[in-house]
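Residue-level listing of the chains:
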Protein chains: 2
Amino acid sequence: MELAVVLASGGMDSCVVTAIARRSHRVALLHISYGQRTERRELKAFSEIADYYQAEHRLVISMQHLATIGGSSLTDPSIPVTRANFRAGGIPTSYVPFRNANLLSAAVSWAETLKACALYIGAVEEDSSGYPDCRREFYDAFESVIAKGTRHSGIRIDTPVIGLSKREIVLKGIELHAPFHLTWSCYQREDVACGICDSCALRLRGFQQAGVPDPLPYAERPDYTAA
Amino acid sequence: MELAVVLASGGMDSCVVTAIARRSHRVALLHISYGQRTERRELKAFSEIADYYQAEHRLVISMQHLATIGGSSLTDPSIPVTRANFRAGGIPTSYVPFRNANLLSAAVSWAETLKACALYIGAVEEDSSGYPDCRREFYDAFESVIAKGTRHSGIRIDTPVIGLSKREIVLKGIELHAPFHLTWSCYQREDVACGICDSCALRLRGFQQAGVPDPLPYAERPDYTAA
């Protein structure tokens, strides 16, 4: 089996993507800390997921410059994390400017050094928070940058859940026995999930719509089924 | 005047690019350390160039992951820096996998936060060392990634010296009074330039072909005029 680099945040989407990648590839798991509020909890989730999938390589990178540059409630304590609002539209305060290009670039550097053939990322376009760097056209354009800017230009980007809803991602994870109990999604808290930030709300709605219980502990568990 | 982010390594190419950008823009100077051998000397050059051009913003970012990932003689002490060989062809050992995509991504994040309209980088295609991420087509592709992956998609990439030879860059710098005496290019040494690494050889040849003395001190100053 060929080697693939998987960007693994510790969240549910990248966990399901790891499960998908693992079926056809040996995996190298990459976690990137960038000063986000729940960094330590995410790192714990990443380590446990990497153990679960017996990752052949694992690497944790620190990108403190994303926090230094700021502009996001995820990394700047002075900007409040907005409460989820499915009808608000627009880009929420948790958007980290051009974050995914920074993550992909590091992943490509590692993939090139490891001679990996593919790069998996758990971006979700539909049913996402409206981040511009989660759209399919962004990844298509980035793949062309890889082809032009690397020595071994055969590294492709695989976004296997980009077209799925959170509900479908939950169902796919259940089918593949993804360890949802090891994942972490909350943007605000590290002890129990808050249940009301963008990320918790999208996750809870996904589980609720799939009719599957979310194994994580929550401070609040609003009913988002109709949201 | 609008604001532009300029990637400034401390070397001669980005110094001339800063001079070019400064004519039409307010400038925000960005330096990125990535564990390269001559990091401290480059940072000194960057600071002095930023002072010279009275940069409105300046930011120094550390990308230690490029050193951790390795694969280059620039960041891995166990890989020797190759002696310049203009006839060898291929990609030299100093190539840092996908480095410029990592630099550009951080620069775009900063530009988006500062609401800068442009990004200047001193990449040189012709007369360069053959790095894949110094080619014009790489920058064209990256500009399309910016358009698709940012909130304010109007940030363009300006590569004003990409088509110039080192000789022409020297002449352009002289014309614009660029402070070549403040720059640093050597990949190997921090006290005096070695004169024989890829970077020194390209620089010295440029000055020699332009018929202009290079103000830096060198350990060796081979005649590269006919190389």
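Residues numbered from 1 in each chain as written. Chains lettered and ligands numbered in written order. Predicted model: local features only at pLDDT ≥ 70, side-chain atom pairs only at ≥ 80, totals over all residues.

Caption draft 1: View of the interface of chain A and chain B. Counting from both sides, the interface comprises 33 residues of chain A and, opposite them, 33 residues of chain B. Going through the elements one at a time, helix 3 (64–69), helix 4 (99–114) and helix 5 (136–149) of chain A are the ones with two or more residues in the side of chain A that touches chain B. Counting residues per element, the side of chain A that touches chain B draws most heavily on helix 4 of chain A, at 10 residues. Class assignment for the residues of the side of chain A that touches chain B results in 16 nonpolar, 11 polar and 6 charged. (Contact = placed C-beta atoms within 7 Å. Helix = DSSP H or I, 4+ residues; strand = E, 2+ residues; numbered from the N terminus. Nonpolar A, V, L, I, M, F, W, Y, C, P; charged D, E, K, R; others polar.)

Caption draft 2: Fine view of the relation of the copies chain A and chain B. Of the two same-sequence chains, chain A is brought onto chain B (RMSD 0.0 Å, axial shift 0.0 Å) by a rotation of 180°. Within this description, the copies of the chain are treated as partners about a two-fold rotation axis. No C-alpha of chain A approaches the rotation axis more nearly than that of Asn102 of chain A, which lies at 3.0 Å. When the interface residues of chain A are mapped onto chain B, 100% of them again fall at the interface, so both copies present the same face. (Least-squares fit on C-alpha atoms with pLDDT ≥ 70 in both.)

Caption draft 3: Expanded view of helix 4 of chain A. Residue and element names in this part refer to chain A. A rise of 1.5 Å per residue sets the reference length of helix 4, with its 16 residues, at 22 Å; its end C-alpha atoms lie 23 Å apart and thus fit the reference within 8%. With respect to burial, helix 4 is a largely interior element, 14 of its 16 residues being buried. A positive phi of about 60° marks Lys115, the residue just after helix 4. (Expected span 1.5 Å × (residues − 1). Buried ≥ 20, exposed ≤ 12 C-beta atoms within 10 Å, placed from the backbone.)

Caption draft 4: Highlighting the nonpolar core. Core analysis: the biggest nonpolar cluster contains 149 residues, and Val6, Leu30 and Ala107 of chain A together with Val6, Leu30 and Ala107 of chain B have the highest contact counts within it. Beyond its immediate stretch of four places on either side in the chain, Val6 of chain A contacts Ser14, Val17, Thr18, Ala21, Val27, Leu29, Leu30 and Tyr120 of chain A. (Core = buried A, V, L, I, M, F, W, Y, C linked by C-beta atoms within 7 Å.)

Caption draft 5: Molecular detail of the environment of Ala116 of chain B. Residues and elements named next belong to chain B. Relative to the elements of secondary structure, Ala116 occurs in the loop between helix 4 (99–114) and strand 4 (118–120). Considered as a pair, Ala116 and Leu3 are 113 residues apart in the sequence and their alpha carbons are 4.8 Å apart. Not counting the four nearest positions on each side in its chain, Ala116 is found in contact with Leu3, Ala4, Val5, Ala28, Ala111 and Ile155.

Caption draft 6: Broad picture of the sheet that holds strand 4 (residues 118–120) of chain A. Residues and elements named next belong to chain A. Strand order across the open sheet formed by 5 strands is 3-2-1-4-5, with parallel pairing between neighbours. Where the open sheet ends on each side, the last strands, each with one partner, are strand 3 (57–62) and strand 5 (156–158). Strand-to-strand twist of the sheet, defined as the mean angle between neighbouring strand axes without regard to direction, takes the value 25°. The pairing of strand 1 (residues 3–7) with strand 4 spans 3 bridges and is classified as parallel. Looking at the pairing, Val5 lines up with Leu119 of strand 4. (Pairing = 2+ DSSP bridges. Axes fitted to C-alpha atoms, helices over the stretch in contact; angles between N-to-C directions.)

Caption draft 7: Structural context of the environment of Arg58 of chain B. Within the secondary structure layout, Arg58 of chain B lies in strand 3 (residues 57–62). For the pair Arg58 of chain B and Ala28 of chain B, spaced 30 residues apart in the sequence, the C-alpha separation amounts to 5.5 Å.

Caption draft 8: Representation of the pairing of strand 1 (residues 3–7) of chain B within the structure. Residue and element names in this part refer to chain B. Among the 5 residues that make up strand 1, 4 are buried, leaving the element largely enclosed by the rest of the structure. Of the strand pairs in this sheet, strand 1 and strand 2 (residues 26–33) are connected by 5 bridges, and their pairing is parallel. From the neighbouring strand, Ala4 faces strand 2, where its bridge partner is Val27. Considered for its hand, the β-α-β crossover made up of strand 1, helix 1 (residues 12–24) and strand 2 is right-handed. (Right-handed = clockwise from strand over helix to strand, strands pointing away.)

Caption draft 9: Highlighting the confidence of the model for chain A. Taken over all residues, the pLDDT of chain A has a mean of 89, while the share at 70 or more is 87%. Reported confidence for the predicted complex is 0.86 by ipTM and 0.88 by pTM. (pLDDT = per-residue confidence, 0-100.)

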